[in-house]
Amino acid sequence: MQKTSNNSGLFTGIVLVGSFIIAWLVYVFVLGNPNNFIDNNPNNAPKEGNFLGIVYKGGFIVPFLITMLLMVITVSIERFLTIGKAKGTGNVNQFVKKVQYNLSNNDVDAAEKECDRQKGSVANVIKSGLKKYREMMGERTMAKDQRLLAIQKDVEESTALELPMLERNLPVIATLAPLGTLTGLLGTVFGMIRAFAALAHAGAPDAVQLSTGISEALINTALGILTSSLAIIMYNVFTTRIDSLTYGIDEAGYSLQQNFASKNS
């Protein structure tokens, strides 16, 4: 458990630093490219229709928003790969049904072979339960209820070892969901301050400062909403997949106990 936590913290730190470096380089050299602006001067307004220049005008908050967006994307890719590996090589529901079928025929060996073919976290938990099932079938010194409890405890302990790996880094996505919106809102406030400062000038308002302030406000709002929306969607996708895997584990574990109870009545 401690090792998993340390690995997660190290991964998050690497992703954070790497994402910020990439975001800053993109902001300075891609978005801030002089070719994106009138007279090739980043201090001027963006060329008409130049989206990169418009985003650059979002101000210094933009690199932080890009950093969070890159983190959501990176962690999401890592979760897709990890949860996909945990799922195993085939359909989880079909795998559980095969295990149940083999158990109903009292063929524990075939059930274990199905686990070896399936692989992944679900198969690991069920195979551990099958080993305990086989052990309890030959146990004669314990009462039936004690043997059932031993099988249940083994499945629960195996599940507890696998779940941290499935849920690792999800708190990062959950944190970035509101943080993206709040950071975008902060950038929006700075942009509106600049816009109102331009309007406050005596005589004619400073049109460049006014447009820059409005751009800063809108760009930060858009990037913040994009980051938060993606984080919320990915978090729900991953929690749904994890729930599906744990349901498969629970169903198989229940089948183990029911089968054992029926054969040792």
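Above this note sits the structure.
## Considering the packing of aromatic side chains
Thought 1: The full count for this structure, using the stated rule, is eight aromatic pairs.
Thought 2: Both rings, one in Phe20 and one in Phe64, keep their centres 5.7 Å apart while their planes meet at 40°; by these two values the pair is tilted. Remark: Phe64 occurs in helix H3 (residues 61-87) and Phe20 occurs in helix H1 (residues 2-31); sequence separation between them is 44 residues.
Thought 3: On the basis of relative accessibility, which here comes to 41%, the residue Phe64 falls in the partly exposed class.
Thought 4: Relative to Tyr56, the ring of Phe37 lies with its centre 5.3 Å away and its plane at 70°, an arrangement referred to as edge-to-face. With a gap of 19 residues between them, Phe37 in the loop between H1 and helix H2 (51-56) and Tyr56 in helix H2 connect regions that are remote in the sequence.

## Details of helix H4 (residues 92-104)
Thought 1: Given a rise of 1.5 Å per residue, 13 residues ought to cover 18 Å, and the 18 Å separating the end C-alpha atoms of H4 matches this to within 8%.
Thought 2: Taken residue by residue, H4 has Val92, Phe95, Val96, Val99, Asn102 and Leu103 as its buried positions. Along the axis of H4, the buried positions cluster into a sector of 125°, meaning they face one direction only.
Thought 3: By the N-cap criterion, in which a side-chain oxygen at the helix start approaches the backbone nitrogen of a residue two or three places on, H4 is capped by Asn91, the distance to Asn93 being 2.9 Å.
Thought 4: Phi turns positive one or two residues past the end of H4, at Asn106, with a value near 60°.

## Focus on the side chain of Lys132
Thought 1: Within the secondary structure layout, Lys132 lies in helix H6 (residues 120-137).
Thought 2: Setting aside chain neighbours within four positions, we find Lys132 in contact with Ala150, Ile151 and Asp154.

## Details of the environment of Ser262
Thought 1: Examined against the element boundaries, Ser262 turns out to sit in helix H9 (residues 207-263).
Thought 2: It is 69 Å that separates the C-alpha atoms of Ser262 and Tyr56, two residues lying 206 residues apart in sequence.
Thought 3: Only 2.8 Å separates the side chain of Ser262 from the backbone oxygen of Asn259, close enough to count as a polar contact.

## Focus on the pattern of salt bridges
Any two side chains of opposite charge can pair, on the condition that their charged atoms come close.
Thought 1: Tallied over the full model, the rule gives seven salt bridges.
Thought 2: In this structure, the salt-bridge partner of Asp109 is Arg134, at a minimum N-O distance of 2.6 Å. Here the residue Asp109 occupies a position in helix H5 (residues 108-118), and Arg134 occupies one in helix H6, the gap between them amounting to 25 residues.
Thought 3: On the basis of relative accessible area, Asp109 is assigned to the partly exposed category, the value being 45%.
Thought 4: Classification of Arg134 by relative accessible area gives partly exposed; the value is 37%.
Thought 5: In this structure, Glu135 engages Lys132 in a salt bridge whose closest nitrogen and oxygen atoms are separated by 3.5 Å. One end of the pair, Glu135, and the other, Lys132, are both in helix H6, three residues apart, so they sit about a helical turn from each other.
Thought 6: Glu135 sits in the partly exposed class, given a relative accessible area of 44%.
Thought 7: Using a relative accessible area of 19% as the deciding quantity, one classes Lys132 as buried.
Thought 8: If you follow the salt bridges from partner to partner, you end up with Glu78, Arg79 and Arg168 in one network.

The rules we used
- Residues numbered from 1 in each chain as written.
- Predicted model: local features only at pLDDT ≥ 70, side-chain atom pairs only at ≥ 80, totals over all residues.
- Heavy atoms only, no water.
- Phe/Tyr/Trp six-rings, centres within 6.5 Å; stacked < 30°, edge-to-face > 60°.
- Helix = DSSP H or I, 4+ residues; strand = E, 2+ residues; numbered from the N terminus.
- Buried < 20%, exposed > 50% of the residue type's maximum accessible area, 1.4 Å probe, protein only.
- Expected span 1.5 Å × (residues − 1).
- Arc of directions from axis to C-beta.
- Polar contact = N/O pair within 3.5 Å; in protein donor to acceptor, adjacent residues only side chain to side chain.
- Contact = heavy atoms within 4.5 Å.
- Salt bridge = Lys/Arg side-chain N within 4 Å of Asp/Glu carboxyl O.

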